[in-house]
Amino acid sequence: MLRHTAFGITFVLCISCVLGKTLAVLMAFKATLPGSNLMKWFGPRRQRIVVLAFTFIQIVICIVWLTSNPPHPFKNLRHFKDRIILECALGSPIGFWAVLGYIGLLALLCFILAFLARKLPDNFNELLLVASFSKSEERVCSLMGEPEEPQLFKTGDIILGGIFSFHSSWKNIESTYVHSPLALQCTSLNFRAFQFAQAMLFAIEEINNSTNLLPGIKVGYKIYDACGSTARAVRVALSLMNGNEGTATMSEKPCIGSVPAIIGLQSSSPSMAVATVIGPFHTPMVSYFATCACLSNKVRYPSFLRTIPSDYYQSRALAQMVKHFGWTWVGAIRSNNDYGNNGMATFIEIATQLGICLEYSLPFFRTDPPEQKQKIIETIKGSTSKVIIGFLSHMDMDVLIEEFAHHNLTGFQWVGTESWISDSPIAIGKGHYILDGSIGLAIRKAYVTGLREFMLDFWETTFGCIFSNIKQTGEHLEQCTGYEDLTEIKNSFHDMSLMSIFNNVYKGVYAVAHTLHSILGCEERCSNTITSHPQAVSYTKCLCTVNSTFKTKEGEEVYFNENGDPAAKYDIINWQPKKDGSVEFVTIGLYDASLPEDKQLHIDNLTLTWANNSKQVPISVCSGTCALGTRKVLQKGKPVCCYDCIPCAEGEVSNTTDSITCVRCHPEFWSNERRDGCEKKETEFLSFTEIMGSILTVSSLLGACLTATVAFIFFRHRNTPIVKANNSELSFLLLFSLTLCFLCSLTFIGRPSDWSCMLRHTAFGITFVLCISCVLGKTLAVLMAFKSTLPGSNRMKFFGPRRQKIVVLTFTSIQVVICIVWVTANPPYPFKNLRHFKDKIILECALGSPIGFWAVLGYIGLLALLCFILAILARKLPDNFNEAKFITFSMLIFCAVWMTFIPAYVSSPGKFSVAVEIFAILASSFGLLFCIFIPKCYIILLKPERNTKKNMMSKKS
């Protein structure tokens with residue numbers, strides 16, 4: 001309720017006040033007319049009444065709204081399906097729009113009255129002053145602050161701009177906000193920047209003395225000191241654009257700077273700021289040392305060019321070099337500016353693709369407080385990586401290496417960028433031994449004829465003296481004689497190790513000169529229009545045509561690609577300490593981005609010196625190489641380069657080092673003990689040569705021989721009563737089937753084949769049914785024979801020998817049909833069982849159709865059960881005549897064996913299931929043989945006196 005009512009009432013109060021002021025202006029103007037007394041009627045008291053009246057009306061509207069149907073909290077479930085929006089419902093929409101409409105009505109009324117009063121005199125009319133309707137007759141821009149004066153200046157037909165950091169730092173001055181900020185106080189004289197400026201002056205002097213390049217045109221210069229400050233660099237760049245004029249008239253003409261081009265800056269961050277500012281002036285800026293890849297963006301920096309390769313290539317080269325030496329676990333320290341941050345971002349991207357991980361990436365700037373420096377020291381002390389990527393400017397590196405020396409942090413392998421790797425002042429500075437063995441990328445070596453001699457002309461800087469015509473500054477300085485010996489002087493100003501960078505400055509000046517030469521149509525002599533109207537040069541055209549190719553006097557080809565970048569080529573430098581403690585920069589390789597990727601990097605490892613003056617390549621990995629037979633598993637919470645090596649699981653192998661996965665062997669193969677190769681699994685089946693197979697074979701043959709022996713005994717005594725009793729033909733048929741049962745077990749032994757698989761099951765099923773059919777026939781014969789002894793019984797006539805043979809053949813034929821159907825539909829077949837044992841293959845016979853197998857087995861069981869029941873029914877017949885009792889025992893053994901077989905067969909793996917089946921066949925066969933025929937053989941051989949018809953026909957007493 002509060003938000004809507006407060007909004008409505010306060011806004012109406014505000015607009016009512018504005019309306020009152022508008023009415024007051026109108027009334028006051030009307031009151032100036034003769035005879036008017038309007039102001040008496042609309043004085044301050046009436047103005048307050050108007051404001052209160054208009055506001056009171058809004059209060060009444062709000063009270064009615066709140067009384068009838070006020071706003072209330074509301075859970076909005078419609079707009080988002082996964083969240084609830086808590087908002088205020090309007091309650092009565094009429095009340096809300098009444099409040100809003102009343103505000104609009106008052107605002108419209110106020111606007112109409114103000115519009116009517118727009119032509120009142122300006123000096124009197126407050127409305128026009130507030131609305132800023134007044135305008136000056138002429139639009140003029142004025143320079144804020146004092147104009148910037150160049151440190152080095154020379155007049156000419158064409159003036160080139162230059163921005164160098166003659167000082168590398170400045171004093172921080174806190175602003176009091178009482179008066180304008182003081183000018184920047186530069187500190188720390190930077191001889192290197194003087195060298196860069198001298199390279200520019202040398203190139204300009206050569207151009208002015210040349211008859212082939214810009215003939216008849218004298219080139220001058222304005223060179224400013226940026227003091228290493230981005231803010232000051234922008235200020236002096238604008239001074240180069242406007243020429244330090246105090247005022248400038250607004251114009252519709254395109255903005256064109258007062259110089260055709262600027263040479264500079266050294267660092268990437270100031271270059272980005274200056275390139276952004278001077279872009280609208282269409283003035284090219286040619287940098288000699290700003291390498292940030294972001295400066296290649298022509299949308300943001302359309303007028304920026306450079307004579308040094310982009311960090312895009314340097315970062316890629318560093319990543320490839322780190323990968324070349326096998327370092328996958330490295331640390332990094334970067335300058336906390338655009339040079340370091342953008343360069344390191346590109347390095348990390350490429351390094352990640354190459355499988356390199358960073359343990360840390362620390363920002364650093366030379367003006368950082370001691371706490372930040374200490375944090376870097378502590379991080380490196382606690383690190384495990386031995387390689388540090390130093391993506392630092394030479395000024396930051398100079399400060400950082402002193403801190404390392406203070407804590408004696410040695411033994412790390414440094415990898416550097418072109419900014420400091422070939423910097424002589426760092427190599428001779430305090431703590432340079434920390435960097436011994438460093439490797440890195442450097443700008444290609446170059447030589448500019450005459451440049452060294454040109455720089456050696458600066459006597460005052462070199463010897464600390466002054467000429468006699470220069471006023472003394474209060475310091476005790478000797479007078480220059482002109483005969484000082486230059487060869488004995490050694491300071492950073494005379495260090496020529498940065499000749500490659502001097503060459504970049506030199507090429508930048510010549511690139512601008514060649515472009516101007518082309519634009520001005522210079523052949524024998526350039527157009528004189530440039531002298532009187534230097535603004536006539538189209539700097540936009542200059543920016544486009546600076547892409548033309550030219551060669552320096554040393555024969556080096558200079559060109560810029562579509563991004564304003566030159567060709568990317570680097571020397572690979574190695575810091576090799578000498579016996580006298582100095583450092584030698586040895587070129588050990590080359591990186592050329594124009595070549596195919598696999599040929600870009602070339603390094604001579606034989607000439608390398610590493611950290612601690614070692615000749616062995618340092619090792620810097622988070623985890624060692626995973627050997628064959630193992631795989632990498634990432635450590636939780638750590639980069640991908642930190643992992644544990646765990647052996648491959650059984651059945652899996654890895655045949656390469658540092659494998660991330662183990663490959664599962666083919667199902668017929670298994671891993672060796674080392675897990676580095678797959679070996680063919682041992683093939684297992686029940687063979688004749690193994691002990692168990694030999695025992696079962698012997699048992700089978702023994703059973704067959706015993707059965708044959710019994711048959712021979714029965715044949716020799718075939719005319720005896722005990723053999724004739726109960727159908728001797730069935731006895732011989734039973735013995736024949738038992739022999740087949742013993743022999744069929746041999747088909748289960750040996751290597752399975754198509755025929756053996758079909759034969760073993762069908763032979764087993766048919767022979768056993770034949771055997772049990774004979775036993776069943778004998779059982780029925782016993783029952784029928786006993787029943788026929790009863791008076792008036794003639795059952796034996798219906799179940800004579802012929803009928804018994806028919807019964808046997810019928811039961812056996814049914815099993816034959818079952819086997820034929822099984823073999824025809826889905827026969828058993830050889831099968832490689834790979835499930836039960838992981839390291840071996842079980843060769844066995846698959847059932848084909850399980851229904852067929854269990855039909856054969858079930859039919860055997862059905863006949864055995866029927867025979868067992870009939871034998872039990874005949875067990876109480878007279879003993880001397882009755883062999884049903886022996887059949888009962890044999891069927892009891894048979895059923896027990898096969899009932900035990902089923903669970904044993906199902907649970908036995910591999911060849912043991914075959915052995916169980918053979919054992920069941922042999923056990924049941926021996927049971928039938930021993931229970932039915934051994935007692936008879938006992939009587940025939942040992943008790944012949946009982947083998948008489950009388951004894952066989954007698955009843956149990």
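Scroll up a little and you will see the structure.
All values reported here derive from a predicted model rather than from experimental measurement.

(A) Region of interest: the overall build of the chain. Secondary structure summary: the chain contains 28 helices and 33 strands in total. Taking the intrachain contacts of the chain between residues at least 6 apart in sequence as the baseline, contacts between residues at least 24 apart amount to 69%. Roughly 49,200 Å² of accessible area belongs to the chain as shown, and the carbon and sulfur atoms make up 61% of that amount.

(B) Geometry of the side chain of arginine 366. When you line up the elements, arginine 366 lands in the loop between strand S14 (357-364) and helix H11 (370-381). With near-sequence residues (within four places) excluded, arginine 366 lies in contact with Ser168, Gly228, Lys373, Ser393, Met395, Asp396 and Val399.

(C) Representation of the sheet that holds strand S8 (residues 219-225) within the structure. Pairing is mixed across the open sheet formed by six strands, whose spatial order is S4-S8-S5-S10-S11-S12. The open sheet terminates on both sides in strands that have one partner only, identified here as strand S4 (152-154) and strand S12 (304-306). Bridge count for strand S5 (residues 158-164) against S8 is seven bridges, and the pairing is parallel. Each residue of the ladder has a partner; that of isoleucine 159, found in S8, is glycine 220. Sheet strands touched by helix H6 (residues 191-208): S4, S5, S8 and strand S10 (262-263). Its angle to S8, the strand with the most contacts, is close to 170°.

(D) Here's a closer look at the pattern of salt bridges. Under the criterion given, the structure shown has 15 salt bridges. Taking the shortest distance from any N to any O, the salt bridge between arginine 235 and glutamate 148 comes out at 2.8 Å. Taken together, the residues span a long stretch of sequence, with arginine 235 in helix H7 (residues 230-242) and glutamate 148 in the loop between strand S3 (140-142) and S4 at a distance of 87 residues. By relative accessible area, which is 35% here, arginine 235 ends up partly exposed. Residue classification places glutamate 148 among the buried residues on the basis of a relative accessible area of 14%. The partner of aspartate 571 in a salt bridge is arginine 444, and the shortest N-O contact between them spans 2.8 Å. With a gap of 127 residues between them, aspartate 571 in strand S22 (residues 569-577) and arginine 444 in the loop between strand S17 (439-443) and helix H14 (451-455) connect regions that are remote in the sequence. For aspartate 571, a relative accessible area of 6% gives the class buried. For arginine 444, a relative accessible area of 35% gives the class partly exposed. When salt bridges that share partners are traced, they join Glu148, Arg232 and Arg235 into one network.

(E) Structural context of H6. In this model, H6 (18 residues) spans 26 Å end to end at C-alpha, consistent with the 26 Å of a helix rising 1.5 Å per residue. Where burial is concerned, most of H6 is hidden: 15 out of the 18 residues are buried.

(F) Representation of the environment of asparagine 826 in the model. Within the fold, asparagine 826 resides in the loop between helix H24 (801-825) and strand S32 (829-833). Exposure remark for asparagine 826: the relative accessible area of 33% places this residue in the partly exposed category. Sequence separation between asparagine 826 and proline 850 is 24 residues; the distance between their C-alpha atoms is 9.1 Å. Residues in contact with asparagine 826, not counting those within four places in the same chain, are Leu847, Gly848 and Ser849. Within the local environment of asparagine 826, its side chain forms a polar contact with the backbone oxygen of glycine 848, the two atoms lying 3.1 Å apart.

(G) Seen up close, the pairing of S5. Burial within S5 is extensive, with seven of its seven residues counted as buried. Across the two faces of S5 the burial is the same, with Ile158, Leu160, Gly162 and Phe164 and Ile159, Gly161 and Ile163 all buried. Here S5 pairs with S10 via two bridges, running parallel. Note on S10: the bridge partner recorded for glycine 162 is isoleucine 263.

(H) Spotlight on unusual backbone geometry. Glycine 264 connects to leucine 265 through a cis peptide bond whose omega is 0°. Mapping leucine 265 onto the fold places it in the loop between S10 and helix H8 (268-278).

(I) Local environment of the nonpolar core. In this structure, Phe764, Met891, Phe894, Trp898 and Phe933 are the most contacted members of the largest nonpolar core, which totals 68 residues. It is helix H27 (residues 911-942) that provides the largest number of residues to this core, a total of 15 residues. Those residues in contact with phenylalanine 764 that lie beyond four places of it in its chain are Cys744, Phe748, Leu759, Leu857, Ile860, Trp898, Glu917 and Ile921. Core analysis: the next-biggest nonpolar cluster, separate from the first, contains 49 residues, Leu160, Phe202, Tyr288 and Leu451 among them.

(J) Layout of the sheet that holds strand S23 (residues 583-592). Within the open sheet, the eight strands sit side by side as S14-S13-S15-S16-S17-S22-S23-S24. Their pairing is mixed. Where the open sheet ends on each side, the last strands, each with one partner, are S14 and strand S24 (601-603). With strand direction ignored, the average angle separating the axes of adjacent strands in the sheet is 30°. Sheet topology note: the strand S15 (residues 387-391)/strand S16 (residues 413-416) ladder contains four bridges and is parallel. Its bridge partner being in S16, glycine 390 is matched across the sheet by glycine 416. Where H11 meets the sheet, it contacts strand S13 (329-335), S14 and S15, and its direction lies at approximately 165° from that of S14.

(K) Broad picture of the packing of helix H21 (residues 728-744) against H27. The N-to-C vectors of H21 and H27 enclose an angle of 155°; their axes lie 9 Å apart at closest approach. Between H21 and H27, the angle falls in the class roughly antiparallel. As for how H21 packs across H27, the hand of that crossing is left-handed. When H21 is examined against H27, the residues Ser731, Leu734, Leu735, Leu738, Cys741, Phe742 and Cys744 are found in contact with a partner set consisting of Ile921, Leu922, Ser925, Phe926, Leu928, Leu929, Ile932 and Phe933. Looking at side-chain class alone, the contact of H21 with H27 contains 13 nonpolar, two polar and no charged residues.

(L) Quick look at the state of the cysteines. Within the structure shown, the criterion is met by eight disulfides. With its sulfur 1.9 Å from that of its partner, cysteine 648 forms a disulfide with cysteine 662. When the S-S torsion is -75°, as for the bridge of cysteine 648 with cysteine 662, the disulfide is left-handed. Here the residue cysteine 648 occupies a position in the loop between strand S26 (643-647) and strand S27 (652-653), and cysteine 662 occupies one in the loop between S27 and strand S28 (663-664), the gap between them amounting to 14 residues.

(M) Region of interest: the packing of helix H3 (residues 44-68) against helix H4 (residues 93-116). At their nearest, the axes of H3 and H4 sit 9 Å apart, and the two run at 170° to each other. Accordingly, the angle class assigned to the pair H3 and H4 is roughly antiparallel. Counted together, Phe54, Ile57, Gln58, Ile61, Cys62 and Trp65 of H3 and Gly95, Phe96, Ala98, Val99, Tyr102, Ile103 and Leu106 of H4 form the full contact between these two elements. Class assignment of the residues belonging to the contact of H3 with H4 gives a composition of eleven nonpolar, two polar and no charged.

(N) Inspection of the packing of aromatic side chains at higher detail. Under the counting rule described, the total for this entry stands at 27 aromatic pairs. Ring centres of tyrosine 312 and tyrosine 313 lie 5.2 Å apart, and the angle between their planes is 80°; this geometry places the pair in the edge-to-face category. The exposure class assigned to tyrosine 312 is partly exposed, which follows from its relative accessible area of 38%. You can call tyrosine 313 partly exposed: its relative accessible area is 24%. Here the aromatic cluster, defined as three or more aromatic residues joined through ring pairs, consists of Phe164, Phe166, Phe194, Phe196, Tyr288 and Phe502.

(O) Main features of a nonpolar patch on the surface. Judged by side-chain polarity, Leu108, Phe111, Ile112, Phe115 and Leu116 come together as a nonpolar surface patch covering roughly 540 Å² of accessible area. In this structure, leucine 108 sits in helix H4.

(P) Main features of helix H9 (residues 311-324). Spanning 14 residues, H9 covers 19 Å between terminal C-alpha atoms, matching the ideal 20 Å at 1.5 Å per step. Every buried residue belonging to H9 is among Asp311, Gln314, Ser315, Ala317, Leu318, Ala319, Gln320, Met321 and Val322, and all of these are buried. The residue sitting at the N-terminus of H9 and contributing the capping side-chain oxygen is serine 310; that oxygen lies 3.1 Å from the backbone nitrogen of tyrosine 312. Among the residues trailing H9, glycine 326 stands out with phi positive, at a value near 80°.

What counts and what doesn't
Residues numbered from 1 in each chain as written. Predicted model: local features only at pLDDT ≥ 70, side-chain atom pairs only at ≥ 80, totals over all residues. Heavy atoms only, no water. Helix = DSSP H or I, 4+ residues; strand = E, 2+ residues; numbered from the N terminus. Contact = heavy atoms within 4.5 Å. Areas by Shrake-Rupley, 256 points an atom, 1.4 Å probe, with all protein chains shown as cover. Pairing = 2+ DSSP bridges. Axes fitted to C-alpha atoms, helices over the stretch in contact; angles between N-to-C directions. Salt bridge = Lys/Arg side-chain N within 4 Å of Asp/Glu carboxyl O. Buried < 20%, exposed > 50% of the residue type's maximum accessible area, 1.4 Å probe, protein only. Expected span 1.5 Å × (residues − 1). Polar contact = N/O pair within 3.5 Å; in protein donor to acceptor, adjacent residues only side chain to side chain. Core = buried A, V, L, I, M, F, W, Y, C linked by side-chain atoms within 4.5 Å. Parallel < 35°, antiparallel > 145°, perpendicular 65-115°, else oblique. Left-handed = near helix turned anticlockwise from the far one by under 90°. Nonpolar A, V, L, I, M, F, W, Y, C, P; charged D, E, K, R; others polar. Disulfide = S-S within 2.5 Å. Phe/Tyr/Trp six-rings, centres within 6.5 Å; stacked < 30°, edge-to-face > 60°. Patch = residues over 30% accessible without salt bridge, like charges linked within 9 Å, V, L, I, M, F, W, Y side chains within 5 Å.

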